[in-house]
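Structural characterization, general
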Amino acid sequence: MGEMLILGIETSCDETAAAVVADGKRILSNVVASQVEWHRKFSGVVPEIASRKHVELIGPVIEEALLEANVTLDDIDAIAVTRGPGLVGALLVGLGVAKGLAYATKLPLICVNHIEAHILANFLEHPKLKPPLIALVVSGGHTALVYMKDFGKYEVLGETLDDAAGEAFDKVAKFLGLGYPGGPIVDELAAKGDSEAINFPRAMIKTKNYDFSLSGLKTAVLNYVSQQRDKGKEIDIPDLCASFQAAVIDVQIYKTLRAVREKDVNKVVLAGGVAANKSLRERLKNEMNRQGKELFYPSHSLCTDNAAMIACAGYYRVHRSCLPPAIGGRQTGEFKEERVCPLDANAEPNLSLIDEV
Ligand code: KG4
Ligand code: ZN
């Protein structure tokens, strides 16, 4: 039996992406057209610009993904696409294109949850990784601590009550005039600073739940900067970045380790754009290793939005209910009906991890 080839399509935010992945693991191509240069001057994603750019880029990006993988649509076994969560106008572009392709080729259409895909990106590179595990999902739009009992079985332990982790990085960087997106810039500057220079609040670190709150920290940074300016004092940007970053990460690490204890698991995975953060990776890895436990995270390009993770999630979505597991070639008849999206599937901007995709 041949490998199962899935074409993944992702347009939930500001990256237009397509990828071809074999058996949920082997990446044959992973094309990402970043729209960052069109959003930069607004220091954030402008939804209408995102939708318009997706319309422009999605065709060439899919074509390139097939070309790079050295396959044609005839070799593809299924099309996986992000249905949510995300910006509705952006999601509709990918979903519309995926439906059109599925209709024309008669291939099955698999709808995917973007957050689940971020978690499953870890399985692309760590073939031996298996649930149960705790996932810390930290992206531009989401912050959540998730107990993954098995494929498709998730319990959301806690979420952010206000800003997402990446959003906090981006807002602080914007305020300091550092550039966009802020996460990687703050990460770099923080490496040169002292994380104990300024004592910012660790919001909700002592609460018994697994929720997070970051808007107070953002305000604390703003207040600190204006106080220093009022006093005519110069601000040490690396120290400020390091202290802010430590305040974000301390709470995340503390709550993740508590979830590990409570759920009695020995694996943690990081997911989402902020999973690229060097300090978060390093500190959580040390803590886990100290306890004889393991931390996994995707390589940099698989942390931020991409379509390889969408194809991977599509594969597990089919496989967790579609036995026997080995499906190869164009055997669409082997897909269980309920795992294939109907052609009237709609985008779901607030899709939750526990919703049926
Ligand atoms: O997952 P992602 O590509 O998009 C969403 O689904 O939201 O995450 C993008 C976010 C941005 O807010 C960006 O600033 C942040 O991830 N980010 C980082 C780093 N690299 C990207 N945040 C902290 N440290 C980084 N190294
Ligand atoms: Zn994302």
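So, how was this worked out
- Residues numbered from 1 in each chain as written.
- Chains lettered and ligands numbered in written order.
- Predicted model: local features only at pLDDT ≥ 70, side-chain atom pairs only at ≥ 80, totals over all residues.
- Heavy atoms only, no water.
- Donors = N, O, S within 2.8 Å, 3.2 Å for Na, K, Ca; no water.
- Helix = DSSP H or I, 4+ residues; strand = E, 2+ residues; numbered from the N terminus.
- Buried < 20%, exposed > 50% of the residue type's maximum accessible area, 1.4 Å probe, protein only.
- Polar contact = N/O pair within 3.5 Å; in protein donor to acceptor, adjacent residues only side chain to side chain.
- Contact = heavy atoms within 4.5 Å.
- Pairing = 2+ DSSP bridges.
- Right-handed = clockwise from strand over helix to strand, strands pointing away.
- Core = buried A, V, L, I, M, F, W, Y, C linked by side-chain atoms within 4.5 Å.
- Patch = residues over 30% accessible without salt bridge, like charges linked within 9 Å, V, L, I, M, F, W, Y side chains within 5 Å.
- Areas by Shrake-Rupley, 256 points an atom, 1.4 Å probe, with all protein chains shown as cover.
- Salt bridge = Lys/Arg side-chain N within 4 Å of Asp/Glu carboxyl O.
- Lys, Arg positive; Asp, Glu negative; His and termini not counted.
- Charge placed at Lys NZ, Arg CZ, Asp CG, Glu CD.
- Near = heavy atom within 4 Å.
- Nonpolar A, V, L, I, M, F, W, Y, C, P; charged D, E, K, R; others polar.
- Disulfide = S-S within 2.5 Å.

1. Looking at the coordination of the zinc ion (ligand 2)
Within the protein, the zinc ion (ligand 2) binds to His114 (NE2), His118 (NE2) and Asp305 (OD); these donor distances fall in the range 2.0 to 2.2 Å. Read from N- to C-terminus, the donor residues coordinating the zinc ion (ligand 2) fall into the pattern H-x3-H-x186-D. Of this pair, His114 sits in helix H4 (residues 114–125) while Asp305 sits in the loop between helix H10 (300–303) and helix H11 (308–319); the two residues are 191 residues apart in sequence, bridging distant segments of the chain. The pair formed by His114 and Asp305 is uniform in burial state, with each residue classed as buried.

2. Here we look at the side chain of Asp163
Here Asp163 shows up in the loop between strand S8 (153–159) and helix H5 (165–175). Looking at Asp163, its side chain comes within polar contact range of the side chain of Lys171, at 3.3 Å. A distance of 2.9 Å separates polar atoms of two side chains, one belonging to Asp163 and the other to Lys218. Discounting residues that sit within four places of it in the chain, Asp163 has contacts with Thr143, Lys171, Leu214, Ser215 and Lys218.

3. Some points on the pairing of strand S5 (residues 109–113)
Taken across its five residues, S5 has five buried, putting it largely inside the fold. Of the two faces of S5, the one carrying Leu109, Cys111 and Asn113 and the one carrying Ile110 and Val112 are both buried. Pairing geometry for strand S4 (residues 78–84) and S5, over five bridges, is parallel. Across the sheet, the residue bridging to Gly84 is Asn113, located in S5. In this region the chain leaves S4, passes through helix H3 (residues 88–105) and returns to the parallel neighbour S5; the handedness of that crossover is right-handed.

4. Some points on the nonpolar core
Side chains of a nonpolar character, in soluble globular proteins, are inclined to be buried together. Grouped together as the largest cluster of nonpolar side chains are 50 residues, with contacts concentrated most on Ile134, Phe200, Leu240 and Phe244. Counting only elements with at least two residues in this core, the list comes to strand S6 (133–138), strand S7 (143–150), H5, helix H6 (182–190), helix H7 (215–230), helix H8 (237–263), strand S9 (267–271) and helix H9 (278–290). When residues of this core are assigned to their parent elements, the largest contribution, 12 residues, is made by H8. If we skip the residues at most four places from it in the chain, Phe200 touches Leu217, Ala220, Val221, Tyr224, Leu240, Ser243, Phe244 and Ala247. Counting residues in hydrophobic clusters, the runner-up holds 39 residues, among them Leu124, Leu129, Leu302 and Ala311.

5. Examining a negative patch on the surface
A cluster of acidic residues, Asp194, Glu196, Glu234 and Asp236, forms a negative patch on the protein surface. Secondary-structure assignment places Asp236 in the loop between H7 and H8.

6. Comments concerning the site of ligand 1
Around ligand 1, a shell composed of 20 residues is seen, among which Gly140, Asp170, Gly183, Asp187 and Gly273 lie nearest. Between ligand 1 and His118, the relevant distance is 3.2 Å, taken from an oxygen atom to a side-chain nitrogen or oxygen of the residue. Contacts to ligand 1 include Gly140, whose backbone N or O atom sits 2.8 Å from an oxygen atom. In the complex, 92% of the free accessible area of ligand 1, which totals 560 Å², lies under the protein chains. Ranked by residue count, the leading element in the shell around ligand 1 is H6, at four residues. Taken together, the residues of the shell around ligand 1 sort by class into five nonpolar, 12 polar and three charged.

7. Some remarks on the state of the cysteines
Applying the stated criterion to the full structure yields one disulfide. In this structure Cys13 is a free cysteine whose sulfur lies 16 Å from that of Cys303, the closest cysteine sulfur available. Between Cys241, a free cysteine, and Cys303, which holds the nearest cysteine sulfur, the sulfur-to-sulfur gap is 20 Å.

Purely spatial values, then, with no claim about function.
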